[in-house]
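In case you want the letters, here they are:
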Amino acid sequence: MRILVLGSGGREDAIAWALEWGHHANDDEVFVAPGNGGSRLRLDVDPTDPQAVVDLCRREAIGLVVVGPESSLAAGVSDALREASIPVFGPSAQAAMLETSKAFCRSFATKHSIPSPVSEVFVGPQAAEKALLWADQQSFEIVVKADGLAAGKGVVVPSSVDERNAAIKTLSLSGDLVLEERLFGEEVSLLVFTDGITICPMPPARDHKCIGEGDTGANTGGMGVYAPTAACPSDMVDRIVQEIIQPAIDGLRAMGIAYVGVLYAGIMLTAQGPKLIEFNCRFGDPEAQALLPLLQSELKSVLLACVNGTLSELEIRWSAKTSCAVVAAAPGYPSHPILGGVISGLESVAKSDNVQMFHAGTEKAGNEIRVNGGRVMCVTGLGEDLSSARQSAYAAIKHVNFEGQQIRRDIGWRELARTTGGYANSGVDIDEGNRAVDLMKKKVEATHTSDVLGGLGSFGGALSVRSLMTMNDPVLVASTDGVGTKVMLATDLGRFDTIGHDIVNHCVNDVLVQRARPLFFLDYVASSSISAEMVASIVGGMADACAANKCVLLGGETAEMPGVYSPGHFDVAGTLVGVVDRARLLPSKTIEPGDLMVGLLASGLHTNGYSLVRRIFAGLPLDVVPQGWTCTLGDALLASHRSYLNVLDRALKGDVIKGLAHITGGGFEENIPRVLPPGCSAKVDLGSWPMIPIFELIRDVSGLPDRELYRTFNMGIGMVIIVKPSDLEELRSQIEEPIWVIGEVTSGNREVDLA
Ligand code: AMP
Ligand code: GLY
């Protein structure tokens, strides 16, 4: 069949596309007249000249005409075609008065009891005066409309009385006026196919009429649309059909008019139910660009069923997807669009099942495509939901480029705002957070002494430091730290308490090296989503570690941050504050070449090198027990960072310790120099302490050079003590575990020699 689409906009390009490709391969020839720069087959005609259109159809043996714009309907093109027995999809000029005359539409609606705003028509030379008077007498806000067709520019929704009065004066200059009650609610566009009897609704759509983002600025023909909208569920669609569309189609039939085509109802969903804002007698633009890609039935069959009055025999199928159409408009649109700009990038828009691009105000000029109308291009994205549809549309339209283009970046924003479903749906569960607090409460409170004032839930933790008044010159020593990517291992193993020990003990050791004893600890746990049990387990571990170090767990924060953390992942951090009398601060200035370095064994990797070690063992399941071991690889890797507070307690009360270095990130090389005075270096005798199994395995299987290993890991020594050689035995007597002389202080420039 040879089909003619009348018009030249994005709507017509979409109709032609749907007829040509849609979801059905066929060998129909689809012409667009006069068409635009995107039309494949074009014919030249004035689409508002009925006789010219009839002649063209005869000449070209057209079997079906689809009328795009309202101007053709108003001009009587459908009537002329019908008279000439040329099948046409589009209502008569008389029926189209529903759109072309707002006054007719309102009196028709009243006659057929179609729910509508209160309205009044003002005609004749005194229209403006009468309208001003009427407006002043109403208790509601008022919308001012020009009676005839005005391509979206004939409606003013004033925001003040002054604006209202100005609009009345301006619009009255071009003819009769309609004033009506301003309706409030969600707007929805319901388009239906009809053969004059049967009505088949399309998915309800939401237009974006304003030029500006956030729905601001002048009215346009439409800058974007999505469908379906959740604001209009299927029972509301049924209600709109029943209360608004059916009475209209029946009312027209009673007037002897069989309405064939698309009837488009602009609806406000008010608190009193749906009310009619306006009827359009054709596809919307850009509604067609959004709706036709969702149509799964063959468009030609649907149009012919309307033309032949057999729509009741057809079941029209729609995709379950959501579509989102975004318009690129010319600079100066809507008041004074600037034409002529060159459009580039069209070839980079990758069309697919989920992306279609439609030309609107474009024209071919040689090899170029130029801007030739207010709305220039329209890109439609499809997706499982609005956000993915939108993503597809915006990803594609970013390739389209012309100078001064106007693209609203917010199509669908209200729907996205409305469908968040509350905080819990956005991934933040306040109840679960509170449950976590309940679960951890007991353990945390077990760390509280009588110096803790106020309980869990205060804004800040309060701690009396009365006990420090016995000190000469108390110095606070504070440390903040995290446990790095060891948290990922905990996630993999589903065990979280050890991480709590890690963070506390890490901080304890950091202040201990200055001889400070812990006062209090504050924690921070952040995750993609809170599981009360997981958080309670982490904080419970922290509380146990605090108790073991005689430290108060004074407060903390649990943050749920979906999007910042990947699903299932978490992080912990903590701050520990300790105290030491100033005269007792370590390191001592007396460290000198010849002093011994004594090591205390580590419990494992502590909290360093996990990014590397996770890669080293990427191929070995964590529940494997390596050769000669008594625990799993996972257990060894997750073993918690030990605190050296208790084992060093006696020695720290005495005077033999000159310095302490906590071997953390950076190993010996980075950490020992932190306590060396100028003029001193250190020599570490590798092999002078027993290698614990996890490091033997790492060295064995990774093949990494020693230097790399000793820079990344503690290699079995978690704390280094510096003593005078003559004090070694006294130190040994104060520490209840084996200690290892691992090297000595040498003279030099604070370097570490691994020998
Ligand atoms: P129309 O050209 O009739 O579609 O009007 C353009 C836009 O003006 C509509 O989409 C509405 O946003 C707004 N509008 C028109 N009439 C009313 C009304 N009675 N109450 C509230 N808003 C209206
Ligand atoms: N997008 C609104 C219309 O086509 O009238």
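Criteria and thresholds
Residues numbered from 1 in each chain as written. Chains lettered and ligands numbered in written order. Predicted model: local features only at pLDDT ≥ 70, side-chain atom pairs only at ≥ 80, totals over all residues. Heavy atoms only, no water. Near = heavy atom within 4 Å. Polar contact = N/O pair within 3.5 Å; in protein donor to acceptor, adjacent residues only side chain to side chain. Areas by Shrake-Rupley, 256 points an atom, 1.4 Å probe, with all protein chains shown as cover. Nonpolar A, V, L, I, M, F, W, Y, C, P; charged D, E, K, R; others polar. Helix = DSSP H or I, 4+ residues; strand = E, 2+ residues; numbered from the N terminus. Buried < 20%, exposed > 50% of the residue type's maximum accessible area, 1.4 Å probe, protein only. Contact = heavy atoms within 4.5 Å. Phe/Tyr/Trp six-rings, centres within 6.5 Å; stacked < 30°, edge-to-face > 60°. Expected span 1.5 Å × (residues − 1).

Q: Please set out the site of ligand 2 residue by residue, giving values where relevant.
A: Every residue lining ligand 2 is accounted for by Asp207, Gly221, Tyr264, Asn280, Arg282, Gly284, Asp285, Pro286 and Glu287. A distance of 3.0 Å separates a nitrogen atom of ligand 2 from a polar side-chain atom of Asp207. Here a nitrogen atom of ligand 2 sits 2.8 Å away from a polar atom, N or O, in the main chain of Gly221. Isolated, ligand 2 exposes 200 Å² of accessible area, and the fraction of that covered by the protein chains is 90%. Each residue belonging to the shell around ligand 2 can be placed in one class, and the counts come to 2 nonpolar, 3 polar and 4 charged.

Q: Describe in detail the side chain of Asn280, supporting the description with residues and values.
A: Its location among the elements puts Asn280 in strand β17 (residues 273-280). Since its relative accessible area comes to 4%, Asn280 is described here as buried. Side-chain polar atoms of Asn280 contact the side chain of Glu278, separated by 3.4 Å. When sequence neighbours within four positions are dropped, the list of residues in contact with Asn280 reads Glu99, Tyr259, Val262, Leu263 and Tyr264.

Q: I'd like a rundown of the packing of aromatic side chains, residues and numbers included.
A: For the structure on display, the rule yields 12 aromatic pairs. Taken together, a centroid distance of 6.5 Å and an interplanar angle of 20 degrees make the contact between Phe193 and Trp318 stacked. Taken together, the residues span a long stretch of sequence, with Phe193 in strand β10 (residues 186-194) and Trp318 in the loop between α11 (299-308) and β18 (322-329) at a distance of 125 residues. Its relative accessible area of 0% is what places Phe193 among the buried residues. An aromatic cluster is defined as three or more aromatic residues linked by ring pairs; in this entry it consists of Phe89, Phe193, Phe283 and Trp318.

Q: Summarise helix α12 (residues 386-397); cite the residues concerned and give the values.
A: With 12 residues, α12 extends 16 Å from end C-alpha to end C-alpha; this agrees with the ideal 16 Å at 1.5 Å per step. Turning to α12, its buried residues number three or more, namely Leu386, Ala389, Arg390, Ser392, Ala393, Tyr394, Ala396 and Ile397.

Q: So what's going on with the site of ligand 1? Which residues, and what values?
A: Residues in contact with ligand 1 amount to 15 residues; listed here are only the nearest, Glu180, Glu181, Leu183, Glu187 and Glu278. In the model, a nitrogen atom of ligand 1 is placed 2.7 Å from a nitrogen or oxygen of the Leu183 main chain. Counted by class, the shell around ligand 1 contains 7 nonpolar, 1 polar and 7 charged residues.

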